[in-house]
Every structure is written in structure tokens, then in C-alpha cells.
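Breakdown of the fold
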Amino acid sequence: SPTTAPSPLLPGMNAIAIIRPALIDIMIGHSFTVVLIPLLIALFYFSTSHSRRQLIFILNVFTVSLAFAVGIMGDSRAINVMLSPLNPFSISYDMCMGVLGAVQSILVDTILLVRLTSVYPYSHVGPWRFVQVIALPVILKIARFVNLVMFIVALAKAANGPNPEVAFQTLWLTAPYLKIEWFCQLIDNIYASTLFLWKLRIRTKTGGGAVSVNSKRKLESSGFAQIPDSKSSSVSFTKRLKTLFWIAVSNFVFPALFSIAQIIVVYRAADLVVINQIVLANTSIAVIGVVFATVWAGSVKKRMDDAEAVAPRLESAQSR
């Protein structure tokens, strides 16, 4: 029998082919967005007046706030696609989301760079060694920023040209800007994480080693728990280093895997929707990972401060 043509959609209804990717976007994006709220609360709760003045805390707060804003934008766009398919958001809206996503990735790697300087402090390694350590990450971030500006200019031209939607999607898939960003991101992440993990591994094996006053302050302000001064607390410090080591490993492994997946997918010229979903998951995991490490370090420091506050009272009670 001849195949019957599908019946037209009734007013107020939408095609499953349009709803499905939008629904997946909401499930991915919203799952990560709701995690950011308690994470931000915990970040402030476990911070101190001193830590809130540090660069790494400011970067964490800004990164979480930006990720939350992008998450709200993504949810709004997906809801609009499902409920108002005939009135889509403008191309500039999609361009803004893409640019903010790239900025998030650069901010996350900037946090990793700050952490790297905490284990290779200038006062300890000297100027030449310090420059050697940070040279590649700094160069990569400058290159990524320049590449991002060029990408924005290209997207703006595509958005203002004829048939902007097709031009936008073609540019997103075929232009070299995304490939450059993701390769630089992968190299940046691998370099900073490898050096950081290597240093942590050495300190874990040596039980923390000797830590100078300046290095101690640098470590504490960059996401480490308070560094103990007595030998009796060196064991607990080593345990915290091991925990931080595995947290750092997870911060490195998952974003690296997603970055590799991004590169593979974009070179295979896959669907733009799939690429966006991978990018969304990758960026969200990276943001949550670096902020979680800071929250964990702050929680450990808070417990140590509470224990130190209780100890004198216990000693005075025992002396009585």
C-alpha cells in the first residue's frame, strides 16, 4: 500500500525531532546548573576573610557565576525551542552563549595556573625557573584569547550576512577557531595538571616536606588546607595531600577526555547539536571540578581551625 504522508501538526504542537535535542540540552545543562548553587554557598561558607581576598577565590566565584548565567541562558533557549519553535532566539544569543563557554574554559585553566604557581612559588624556585614553569600556560592563554576574538569577529560577520543560520552553523563546524581552542585547551590542561600532580606526588611521598612561611601562605591562599607546623600533624597533612592529589587527577582526566571527544567529533563533522552537548558537559564538569577542590580545601581548613579553637579549652579543663 502507498505510504501515507504524515499529518500536519495541530496548532500548539511541536515535532519530536525538535523537542528531543532541546530536552537533552535541558537535562544536561540543568543537571550541572543546579549543582552550582550549593557549590557557591559552600565556597563562601568554608572561606575566610583572608581567603576571600585571594585571586583564586575571586576566580572561582566569577567562574561559578558565569557558568550559572550560561546555564540559565541554555535552559531558556531550550524551553523557547520547545514552546515557541516559530519564534527562535536570535543568532547573537547563540553566539553569546558560545563565547561565554569559551571564556569559562579559559577561566578554569587560569585557576589551574594559579594553583600551579602555588606549588612552584616565585620565592622558592627563583625567577628563571618560575618563568619556565608559567611560560607555556601564559602563551597558550594569550593565543586562546586572540583566537577567541578572531572567532567572535567571524561569527559577527556570519550573523550579519545572508542566511545567517546556515552561515553560523557552517562556520561553527568548518572554521579552524574551535579546533585551535580545543587543542590549546587540551595542551594547557595537560601541562598544568601534570606539573601540579607531579609536585603533589613528590610532597605526598615525602610527607609534605619543609614548607617556608611564604610558601605556606601561598599554598593556603591557592586552595590548600592550612599547612600544619608540628610533626604530629604531618601524617594528616599527607593524607590531605593524597586526597587533593586524587581530586586534581579527576579535574584533569575528565576534562581531558571530553576535550579529546570534542576534537574527534568536530573532525568527523558530526551534528552541531552533538558537539554543543559535549562542550556543555565538558565545560560544566571542569568548572565544578576546580571549584569543588577549593571547597574541599576550605572545609578541611575550617575543621582544623575549629579543632585549634577547642583545644585550649580542653587543655584548661583537663588541668583543672
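Residues numbered from 1 in each chain as written. Predicted model: local features only at pLDDT ≥ 70, side-chain atom pairs only at ≥ 80, totals over all residues. Heavy atoms only, no water.

This part takes up the overall build of the protein chain. When you go through the protein chain residue by residue, the secondary structure sums to ten helices and zero strands. For the protein chain, the sequential pattern of α-helices and β-strands runs α-α-α-α-α-α-α-α-α-α. Taking the contacts inside the protein chain whose residues are at least 6 apart along the sequence as the reference set, 78% of them involve residues at least 24 apart. Carbon and sulfur atoms provide 69% of the accessible area of the protein chain, an area that totals close to 17200 Å². (Helix = DSSP H or I, 4+ residues; strand = E, 2+ residues; numbered from the N terminus. Contact = heavy atoms within 4.5 Å. Areas by Shrake-Rupley, 256 points an atom, 1.4 Å probe, with all protein chains shown as cover.)

On to the packing of aromatic side chains, then. Applying the stated criterion across every chain, the model contains four aromatic pairs. Taken together, a centroid distance of 5.3 Å and an interplanar angle of 90° make the contact between Phe44 and Phe57 edge-to-face. Taken together, the positions of Phe44 in helix α1 (residues 16–45) and Phe57 in helix α2 (residues 55–83) put the pair 13 residues apart, joining distant regions of the chain. Judged by its relative accessible area of 38%, Phe44 is partly exposed. Residue Phe57 is classed as buried on the basis of its relative accessible area of 7%. A ring pair is formed by Phe89 and Tyr93, whose centres lie 4.6 Å apart and whose planes are at 50°; its orientation type is tilted. (Phe/Tyr/Trp six-rings, centres within 6.5 Å; stacked < 30°, edge-to-face > 60°. Buried < 20%, exposed > 50% of the residue type's maximum accessible area, 1.4 Å probe, protein only.)

Considering the arrangement of structural elements, one finds Lys141 in helix α5 (residues 127–160). Residue contacts for Lys141: discarding those within four places in its chain leaves Ile106, Asp109, Thr110, Leu113 and Asp188.

Let us look at a nonpolar patch on the surface. Residues Val138, Ile142, Phe145, Val146, Val149, Met150 and Val153 make up a contiguous nonpolar surface patch of about 600 Å² in total accessible area. By the secondary structure assignment, Ile142 is in helix α5. (Patch = residues over 30% accessible without salt bridge, like charges linked within 9 Å, V, L, I, M, F, W, Y side chains within 5 Å. Salt bridge = Lys/Arg side-chain N within 4 Å of Asp/Glu carboxyl O.)

As annotated by UniProt and renumbered to match this structure, "transmembrane region" (unreviewed entry) occupies residues 22–48, 54–74, 95–114, 134–156, 244–267 and 273–297. Between the end C-alpha atoms of residues 54–74 the distance is 30 Å, and the span holds 95% helix and 0% strand. Each end of residues 95–114 is marked by a C-alpha atom, and these two atoms are 29 Å apart; helix forms 100% of the span and strand 0%. (UniProt positions renumbered as here; feature names shortened; annotations may be inferred.)

Phe151, Leu155, Leu171, Trp172, Trp182 and Ile275 are the most contacted members of the largest nonpolar core, which has 26 residues in total. Mapped by element, the contributors of at least two residues to this core are α3 (91–119), α5, α6 (164–174), α7 (176–205), α9 (234–267) and α10 (272–319). Discounting chain neighbours no more than four positions away, the residues touching Leu155 are Met95, Phe168, Leu171 and Trp172. Residues Phe57, Val64, Ala67 and Val70 belong to the second largest nonpolar core, which totals 24 residues. (Core = buried A, V, L, I, M, F, W, Y, C linked by side-chain atoms within 4.5 Å.)

Moving on to α5. With 34 residues, α5 should cover 50 Å at 1.5 Å per step; its first-to-last C-alpha distance of 48 Å lies within 8% of that length. For α5, the principal kink sits at Ile134 and spans about 40°; a proline, Pro137, occurs within the next four residues. (Expected span 1.5 Å × (residues − 1). Bend = angle between axes of the 7 residues up to and from the residue.)

With that settled, the discussion passes to the packing of α5 against α6. It is the contact of α5 with α6, at a shortest axis distance of 8 Å, that shows an interaxial angle of 155°. By the criterion of interaxial angle, the relationship of α5 to α6 is roughly antiparallel. Facing Phe151, Ala154, Leu155, Ala158 and Ala159 of α5, the residues of α6 in contact are Pro164, Ala167, Phe168, Leu171 and Trp172. In the contact of α5 with α6, the residues fall into ten nonpolar, no polar and no charged. (Axes fitted to C-alpha atoms, helices over the stretch in contact; angles between N-to-C directions. Parallel < 35°, antiparallel > 145°, perpendicular 65-115°, else oblique. Nonpolar A, V, L, I, M, F, W, Y, C, P; charged D, E, K, R; others polar.)

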